[in-house]
Amino acid sequence: MANFDINKVRADFPVLTQKVYNKPLVYFDNGATTQKPLQVIEVVNRYHSELNSSIHRGVHFLSDQVTNAYENAREKIRAFINAEKASEIIFTSGTTMSINLIAFSFGDKYVHKDDEIIISEMEHHANIVPWQMLRDRKQSKLKIIPFDDQGILQIDKLPGLITDKTKLVAVTHISNTLGTVNPIKEIIRIAHAAGVPVLIDAAQSIQHTPIDVQDLDCDFLVFSGHKAYGPTGIGILYGKEKFLEAMPPYQGGGDMVDVVTFEKTTYNVIPFKFEAGTTNYIGAIGLAAALDYISSLGIESISSYESEISRYATEQLDALGEITIYGRAPEKSCILCFLIDGVHMADAGMVFDKLGVAVRVGSHCAQPVWQHYGIDGTLRVSLSMYNTKEEIDYLCQAVHQVKSMFS
Amino acid sequence: MVATIQEVQKDIIDEFVVFDDWMDRYNYLIELSNGLPEIDPKLKNNEYLIRGCQSKVWLNAEYADGKIRYTADSDAIITKGIIALLIRVLSNRTPQEIINTKLEFIDTIGLRQNLSPTRANGLLSMIKQMKLYAIAYDAKEKKN
């Protein structure tokens, strides 16, 4: 860990220095959203105060500057995930919009009655509901790859689920509840062997682990800016050119058109075909700054530090006893869902809050995961590169306090 | 003489004023949860359930002698403690009293967070449900 200076990293995040209820803030809700480093805050500030102008439209100085910055951001995102072309990077509002765009547009073109989409049992609602809506529109089917009680995806079941009616496999890279890191390369290999394209939900992985879309050979990959130290309201849809070219536009409006007459409209080329209306260009520029920040620290260093604190957190919680951790996959990210035996999650969460510890309580937008275990939900500690072992020790003290109050 | 709703709310505010630590406030709510009269176990079913994302609440209302008597329960203890306060304020009142009451005490004692509109714990829905019962019984009374 010689090259990862945690104190320097923490100093980049102004939010972390504050107190809540007179206690130092311990922010463990990074799976929901991450805090923003000064490097992102300053860029977003600068664009709002000095360089704001609508992109692709004006011929004037400011518009030109911002348009360049926006397209540079696209190029940075391309490089970050090693896409072949910048035109394969679509700016959206986030992971949810990216998946909805694919479900509507890809679904419209390729999915018909009795066709099948395969997802997994551990998906976030954002990778379930759009496919159910598609199913209801097209009378298609939804099939599920199950996970076992350890939280390991049973990918040996995948070949049996794929038929000649299967049009897409859409799975999460890292579960937002179980923390499982799924073997997406293998999933893609299996699906491609049957000629089925694959969508990867990278909302919980882009900030934690290196991603190379050409090496993976995934057909679509989606993620959100705000979970990767960037601004809210910006997200990415990566798609292979051959699909993006073939797919119809998702929304109509400005900038996505070529020629508009009342009789007929022809569409702009990709990526603009999928970017109707005034996009969140400052968000896009802010996201590029966030990815620059990640790169400056090194995603490998971040990943290795996060594995260390995640292992520590698991060991410490296990050592406390009377705690049930959900998700014990050997390949696991820094997400820990757990319950304190005999204590309701809502009670524990409220006490944690007043001790300054921010965790998430509930189903974490993945109700089918908890249906698997027959519970309503859990507490969730989702760690990030700025969390420390001291904070985990403090969490353990908070667990003690909760136990003394409720059991 | 029975205390008015306003008097009961003021009593509760006075009880909580002494706590300067959140854990004391929560410990008091835990104590209050133990004193909440039990809801008929037969009523703890989906018909009486108000589902929150984090915890569940069950609520029943009975009308007799011009007054509404509420019974309720929750699977989470702090929520149950807040329910005990709501019942102390609103139960055994006339529909008109319940309809016209502004529940100020929750805000004043610092528990507003528990009334988030994101249906986290079902409490906001529970208060709405309590008022709906009052409106329904009031309408029924006027008809008779």
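Just so you know, these numbers come straight off a predicted model, no measurement behind them.

Turning next to the overall build of chain B. Helix and strand counts for chain B come out as six helices and three strands. Ordered by position from N to C terminus, the α and β elements of chain B give α-α-β-β-β-α-α-α-α. Taking 15 Å as the expected radius of gyration for a compact globule of 144 residues, we find that chain B reaches 15 Å, a close match to that expectation. Oriented by its inertia axes, the alpha-carbon framework of chain B measures out at about 50 × 35 × 25 Å. Residue burial in chain B is summarised as follows: out of 144 residues, 31% are buried. Of all intrachain contacts in chain B linking residues separated by at least 6 positions in sequence, the fraction that spans at least 24 positions is 65%.

Residues and elements named next belong to chain A. With 18 residues, helix α14 (residues 389-406) extends 26 Å from end C-alpha to end C-alpha; this agrees with the ideal 26 Å at 1.5 Å per step. All of the buried residues along α14 are Glu391, Ile392, Leu395, Ala398, Val399 and Val402. Buried residues of α14, viewed axially, fall in a sector of 110°; they line one side. Exposed residues pointing more than 90 degrees away from the buried face of α14 are listed as Glu390, Gln397, His400 and Ser404. In this structure, the buried side of α14 is in contact with β3 (26-27), α11 (299-320), β14 (335-340), α12 (345-354), β15 (357-358) and β17 (378-382).

Next up on the list: the pairing of strand β9 (residues 220-224) of chain A. Residue and element names in this part refer to chain A. In terms of burial, β9 is a largely internal element, five of the five residues being buried. Of the pairings in the sheet, the one linking β9 to strand β10 (residues 235-239) comprises five bridges and is antiparallel in character. When the bridges of β10 are listed, Val222 appears paired with Leu237.

Further remarks concern the packing of helix α3 (residues 61-81) of chain A against helix α10 (residues 281-297) of chain A. The geometry of a pair of packed helices is captured by two quantities: the angle between their axes and the separation between those axes. All names here are of chain A. Viewed as axis vectors pointing N to C, α3 and α10 meet at an angle of 40°, and their least axial separation amounts to 9 Å. Here α10 runs oblique to α3, going by the angle between their axes. In the packing of α3 onto α10, the handedness of the crossing is left-handed. Facing α3, whose interface residues are Val66, Ala69, Tyr70, Asn72, Ala73, Lys76, Ile77 and Phe80, α10 presents Tyr281, Ala284, Ile285, Leu287, Ala288, Leu291 and Asp292.

Residues and elements named next belong to chain A. Taken together, the four strands give an open sheet; going across it, the order is β13-β14-β17-β16, and neighbouring strands pair in antiparallel fashion. The open sheet has two edge strands, β13 (323-326) and β16 (360-362), and neither has a second partner. The average angle at which neighbouring strand axes cross in this sheet is 30°, direction not considered. Alignment of β14 against β17, held across four bridges, turns out to be antiparallel. Looking at the pairing, Phe338 lines up with Leu379 of β17. Relative to the sheet, α12 contacts β14, β16 and β17, its axis offset from that of β17 by approximately 40°.

Before going further, it helps to spend a moment on the domain arrangement of chain A. Residues and elements named next belong to chain A. Each assigned domain of chain A is listed with its residue range as follows: domain 1 (6-30 + 298-406) and domain 2 (41-296). Taking the mean C-alpha position of each, domain 1 and domain 2 sit 28 Å from one another. Domain 1 puts 23 residues into the contact, and the matching count from domain 2 is 20 residues. Only α11, β14 and α13 (367-373) provide two or more residues apiece to the side of domain 1 that touches domain 2. Here the element with the most residues in the side of domain 1 that touches domain 2 is α11; it accounts for five residues.

Moving on to the confidence of the model for chain B. All names here are of chain B. Summing up the model confidence of chain B, the mean pLDDT is 89 and the portion of residues at 70 or higher is 96%. Mean pLDDT per element in chain B: strand β1 (residues 49-51) is the minimum at 84, and strand β3 (residues 67-74) is the maximum at 95. Scoring of the predicted complex yields 0.94 for pTM and 0.90 for ipTM.

At the junction of the two partners, chain A supplies 15 residues and chain B supplies 14 residues. Counting residues per element, the ones that place at least two in the side of chain A that touches chain B are α12, β16 and α14 of chain A. Looking at which element gives the most residues to the side of chain A that touches chain B, the answer is α12(A), with seven residues. Residues of the side of chain A that touches chain B, tallied by class, amount to eight nonpolar, five polar and two charged.

Right, let's get into helix α7 (residues 184-193) of chain A. Spacing of three or four residues puts side chains on the same side of an α-helix, whose turn is 3.6 residues. Residue and element names in this part refer to chain A. Burial in α7 covers these residues: Ile184, Ile187, Ile188 and Ala191. The arc enclosing the buried residues of α7, seen along the axis, measures out at 100°, which places them on a common side. Exposed residues pointing more than 90 degrees away from the buried face of α7 are listed as Glu186 and Ala193. Structurally, α7 contributes buried residues whose contacts are with α6 (158-161), β7 (166-172), β8 (198-201) and α8 (213-216). Positive backbone phi, at 75°, marks Gly195, one or two positions downstream of α7.

This paragraph deals with the packing of helix α2 (residues 38-49) of chain A against α10(A). Residue and element names in this part refer to chain A. Interaxial distance between α2 and α10 falls to 8 Å at its minimum, and their mutual angle equals 155°. Judged by the angle between their axes, α2 and α10 are roughly antiparallel. Helix-helix and strand crossings are classified by hand; for α2 and α10 the assignment is right-handed. Every residue of α10 that contacts α2 at Gln39, Val40, Val43, Val44, Tyr47 and His48 is listed here: Ile282, Ile285, Gly286, Ala289, Ala290 and Tyr293. Its residues assigned to classes, the contact of α2 with α10 comprises nine nonpolar, three polar and no charged.

Residue A:Pro271 follows A:Ile270 across a cis peptide bond; omega there is 5°. Unusually for a residue other than glycine, A:Asn22 sits at a positive phi of about 70°. Among the secondary structure elements, A:Asn22 is positioned in the loop between β1 (19-20) and β2 (23-24). Residue class for A:Asn22 comes out exposed when judged on the 9 C-beta atoms lying within 10 Å of it. Non-glycine residue B:Asn92 carries a positive phi angle of around 65°. In this fold, B:Asn92 is placed in the loop between α3 (77-90) and α4 (95-100). The partly exposed category is assigned to B:Asn92, around which 14 C-beta atoms lie within 10 Å.

The rules behind these values
- Residues numbered from 1 in each chain as written.
- Chains lettered and ligands numbered in written order.
- Predicted model: local features only at pLDDT ≥ 70, side-chain atom pairs only at ≥ 80, totals over all residues.
- Helix = DSSP H or I, 4+ residues; strand = E, 2+ residues; numbered from the N terminus.
- Rg over C-alpha atoms; globule rule 2.2 N^0.38 Å.
- Buried ≥ 20, exposed ≤ 12 C-beta atoms within 10 Å, placed from the backbone.
- Contact = placed C-beta atoms within 7 Å.
- Expected span 1.5 Å × (residues − 1).
- Arc of directions from axis to C-beta.
- Pairing = 2+ DSSP bridges.
- Axes fitted to C-alpha atoms, helices over the stretch in contact; angles between N-to-C directions.
- Parallel < 35°, antiparallel > 145°, perpendicular 65-115°, else oblique.
- Left-handed = near helix turned anticlockwise from the far one by under 90°.
- Domains from an automatic or database assignment.
- pLDDT = per-residue confidence, 0-100.
- Nonpolar A, V, L, I, M, F, W, Y, C, P; charged D, E, K, R; others polar.

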